[in-house]
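Next come the chains, spelled out residue by residue.
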Amino acid sequence: MSVTITRDNLNQETDNELTVIDFWAPWCGPCKIMDPVLETLETQYEGKIHFGKMNVDSNQDIAEQYKVMSIPSLVIFKNGKATEKVTGVYPKEKLAAYLDKKLAETNSEK
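Residues numbered from 1 in each chain as written. Predicted model: local features only at pLDDT ≥ 70, side-chain atom pairs only at ≥ 80, totals over all residues. Heavy atoms only, no water.

As recorded by an unreviewed UniProt entry, the protein chain carries the name Thioredoxin and is attributed to Lentilactobacillus kosonis. UniProt, in the comment section headed Sequence similarities (unreviewed entry), describes the protein chain in these words: "Belongs to the thioredoxin family." (UniProt positions renumbered as here; feature names shortened; annotations may be inferred.)

In structure tokens, the structure reads:
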């Protein structure tokens, strides 16, 4: 299960080799479409990628800091530093292929 990310635990929760934070809101239809996709991927990548969710309604300043202009947006962190952002709804297979690529990049940087 993904961790709820707030301004209080953001640094701690992104201090991993690879972290994916889902910027979402309860009223966002596309976010609801992405929920089961992300839940499946969390299970698939357990132990390899850390997943979190941040509600933009209560963390607008953080969303602005990472240039999240529309949701759902996934911000990819490597060792605590935001490196990329993916916005929109993606099929599980396409997102899995993207995450595989990010894992391969992370492993090759070791």
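After presenting the structure, the write-up continues.
**Q** I'm lost on the environment of W27 in this one. Help?
**A** With respect to the secondary-structure elements, W27 resides in the loop between β2 (19-24) and α2 (29-44). Exposure remark for W27: the relative accessible area of 58% places this residue in the exposed category. C-alpha separation for the pair W27 and D57, spaced 30 residues apart in sequence, amounts to 9.7 Å. With residues near it in sequence (within four places) discarded, W27 still touches D57 and I71. At a separation of 2.8 Å, a polar atom in the side chain of W27 contacts the side chain of D57. (Helix = DSSP H or I, 4+ residues; strand = E, 2+ residues; numbered from the N terminus. Buried < 20%, exposed > 50% of the residue type's maximum accessible area, 1.4 Å probe, protein only. Contact = heavy atoms within 4.5 Å. Polar contact = N/O pair within 3.5 Å; in protein donor to acceptor, adjacent residues only side chain to side chain.)

**Q** Honestly, the pairing of strand β3 (residues 50-55) in this entry has me stumped. Any pointers?
**A** As a general feature of sheets, a regular strand has side chains that alternate between the two faces. Judged by how many residues are buried, β3 sits mostly within the fold: five of six residues are covered. Note that β2 and β3 share six bridges and pair parallel. Across the sheet, residue V20 finds its bridge partner in β3, namely F51. Read as a crossover between parallel neighbours, the route from β2 over α2 to β3 is right-handed. (Pairing = 2+ DSSP bridges. Right-handed = clockwise from strand over helix to strand, strands pointing away.)

**Q** For this particular structure, what's the right way to read the state of the cysteines?
**A** Covalent bonding between the sulfur atoms of two cysteines is what defines a disulfide. Applying the stated criterion across every chain yields a total of one disulfide. Shown here is the disulfide that connects C28 with C31, its sulfur atoms set 2.4 Å apart. With the S-S dihedral at roughly 80 degrees, the linkage between C28 and C31 falls on the right-handed side. Comparing C28 with C31, the two get one shared label, buried. (Disulfide = S-S within 2.5 Å.)

**Q** Just checking my understanding: could you explain the pattern of salt bridges for this structure?
**A** Oppositely charged side chains are able to pair whenever their charged atoms sit close together. Following the criterion strictly, the structure yields six salt bridges and no others. Its salt-bridge partner being K78, residue E105 comes within 3.2 Å of it at the nearest N-O pair. Taken as a pair, E105 in helix α4 (residues 92-108) and K78 in strand β4 (residues 73-78) lie far apart in primary sequence, 27 residues in all. Judged by its relative accessible area of 12%, K78 is buried. One salt bridge in this structure joins K102 and E84, with 2.5 Å as the shortest N-O distance. (Salt bridge = Lys/Arg side-chain N within 4 Å of Asp/Glu carboxyl O.)

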